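# A look at the structure
Here's the letter readout for the chains.
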Amino acid sequence: MTVIDALARALRDLFSLRVLWVVVWPMLTALLLWLALGVTFWGTFSGWIAQGLGAIGIQAWLADLEPAWIANGLLALLHLMLFVPLVMLTALVITALFGMPALIRVVAGRDYPTLKRESGGSLAGSLWNAVVATSLFIALWLVTLPLWLIGVGVIIPFVAAAYLNQRLFRYDALAEHASADEMTVLFKQERGGWWGLGVLTGLLQFVPLLNLLAPVFAALAFIHFGLARLARQRSPDGPRQNAA
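Please read these numbers as outputs of a predicted model, since none were measured by experiment.

## Description of the overall build of the protein
Per the secondary structure count, the protein includes 10 helices and 0 strands. For the protein, the N- to C-terminal ordering of α and β elements is α-α-α-α-α-α-α-α-α-α. When each of the 244 residues of the protein is scored for burial, the buried share is 45%. Taking the intrachain contacts of the protein between residues at least 6 apart in sequence as the baseline, contacts between residues at least 24 apart amount to 83%. Of the accessible surface of the protein, which amounts to about 12200 Å², a share of 70% is contributed by carbon and sulfur atoms.

## Section: the confidence of the model for the protein
Put simply, the protein has an average pLDDT of 83, and 79% of its residues get 70 or more. Within the protein, no element has a lower average pLDDT than helix H4 (residues 58-63), which sits at 62, and none a higher one than helix H8 (residues 180-189), at 95.

## A closer look at the packing of aromatic side chains
Counted according to the given criterion, the structure contains 6 aromatic pairs. Ring centres of Trp194 and Phe222 lie 6.0 Å apart, and the angle between their planes is 0 degrees; on these two criteria the pair is classed as stacked. Of the two residues, Trp194 is situated in helix H9 (residues 191-204) and Phe222 in helix H10 (residues 214-234); the sequence distance between them amounts to 28 residues. Owing to a relative accessible area of 1%, Trp194 belongs among the buried residues under this scheme. Cation over ring: Arg170 sits above Phe187, and NZ or CZ is 4.5 Å from the ring centre.

## Some points on the pattern of salt bridges
The tally for this structure, following the rule as stated, stands at 8 salt bridges. In this structure, Arg12 and Asp111 form a salt bridge, with 2.9 Å as the shortest nitrogen-oxygen distance. Here Arg12 is found in helix H1 (residues 3-14), whereas its partner Asp111 is found in helix H5 (residues 68-111), with 99 residues between them in sequence. Arg12 gets classed as partly exposed once you look at its relative accessible area, which sits at 39%. Residue Glu176 is joined to Arg117 by a salt bridge in which the shortest nitrogen-to-oxygen separation is 2.3 Å. Of this pair, Glu176 sits in the loop between helix H7 (156-175) and H8 while Arg117 sits in the loop between H5 and helix H6 (123-144), and the two are 59 residues apart along the sequence. The class of Arg117 is partly exposed, set by a relative accessible area of 41%.

## So, the environment of Pro215
Positionally, Pro215 belongs in helix H10. Non-local contacts of Pro215, meaning those with residues more than four positions away in its chain, are made with Met27, Met88, Ala91, Leu92, Thr95 and Phe169.

## Brief notes about the environment of Gly120
With respect to the helices and strands, the residue Gly120 is situated in the loop between H5 and H6. For Gly120, a relative accessible area of 27% puts it in the partly exposed group. On a C-alpha basis, the gap between Gly120 and His177 in space is 7.1 Å, while along the polypeptide they are 57 residues apart. Leave out the neighbours within four places in its chain, and Gly120 touches Ala175, Ala178, Ser179, Ala180 and Met183.

## Some points on the packing of H1 against H9
Where H1 meets H9, the closest approach of the two axes is 10 Å, and the angle between their N-to-C directions is 50 degrees. Compared by their axis directions, H1 and H9 come out oblique. H1 and H9 meet at a crossing whose hand is right-handed. Seen from H1, the contacting residues are Val3, Ala6 and Leu7; seen from H9, they are Gly193, Gly196, Leu197, Leu200 and Thr201. Tallied by class, residues from the contact of H1 with H9 come to 5 nonpolar, 3 polar and no charged.

## As for unusual backbone geometry
Positive phi is not limited to glycine here, since Ser119 has a value of about 50 degrees. As for its placement among the helices and strands, Ser119 is situated in the loop between H5 and H6. The phi torsion at Leu209 lies on the positive side, around 75 degrees, for a residue other than glycine.

## Quick notes on H6
Between the first and last C-alpha of H6 there are 32 Å, a value that for 22 residues agrees with the 32 Å anticipated at 1.5 Å per step. Of all the residues in H6, the buried ones are Gly125, Ser126, Asn129, Ala130, Ala133, Thr134, Phe137, Trp141 and Thr144. Seen along its axis, H6 keeps its buried residues to an arc of 150 degrees; they face one direction. Exposed and facing more than 90 degrees away from the buried side of H6 are Ala124, Trp128, Leu142 and Val143.

Calculation criteria
- Residues numbered from 1 in each chain as written.
- Predicted model: local features only at pLDDT ≥ 70, side-chain atom pairs only at ≥ 80, totals over all residues.
- Heavy atoms only, no water.
- Helix = DSSP H or I, 4+ residues; strand = E, 2+ residues; numbered from the N terminus.
- Buried < 20%, exposed > 50% of the residue type's maximum accessible area, 1.4 Å probe, protein only.
- Contact = heavy atoms within 4.5 Å.
- Areas by Shrake-Rupley, 256 points an atom, 1.4 Å probe, with all protein chains shown as cover.
- pLDDT = per-residue confidence, 0-100.
- Phe/Tyr/Trp six-rings, centres within 6.5 Å; stacked < 30°, edge-to-face > 60°.
- Lys NZ or Arg CZ within 6 Å of the ring centre and 35° of its normal.
- Salt bridge = Lys/Arg side-chain N within 4 Å of Asp/Glu carboxyl O.
- Axes fitted to C-alpha atoms, helices over the stretch in contact; angles between N-to-C directions.
- Parallel < 35°, antiparallel > 145°, perpendicular 65-115°, else oblique.
- Left-handed = near helix turned anticlockwise from the far one by under 90°.
- Nonpolar A, V, L, I, M, F, W, Y, C, P; charged D, E, K, R; others polar.
- Expected span 1.5 Å × (residues − 1).
- Arc of directions from axis to C-beta.

Shown next, in the form of structure tokens:
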């Protein structure tokens, strides 16, 4: 199965009744969570942003900017640029940790009913994978966020989103069906495919309205790609490669 095939099958499954609920609740939960945190700690968050801008000299430039509404508009845009990725990140993590089992049942039950489950992943492994993926994603966003104000670093969020998707979803897509050795092999052997899916599903996160579907669409695409590659790996004519 190619990356395009995986995306096509993910689109097919996206609007089934069993999947639609997984589309709604992670995004709604993430949105309500960050709205509540934003309202409660608005002053604290604004202070952190002001400190960050002050450290690189942009805060002083904004303070001298006339008319004042331009500076206020830029600050509001900066808050929004921070809020939206946090909502998307949280929805992605919720989907990966809690929505994947339901999505895997949908995909495996329809397309891979005979694929043996080796349970090479674990909840602890999934949590650690999510911590690593989100930590680097957040670091990239925080480091490059001020550069948006001067038109530099626009490419970084797209790279960060691609990295997050491929790192976050590849583990959970294989965790139930692949053994630990098979997961290691497929992570290395199919690196180009994982990154290709990461790039294409990551771009969707930057399209208004469509980004509401992005977490579950990405999850479905990675499940289809991962299980198809696992089935091919196990077939008598499939590629063989040692995990070491």
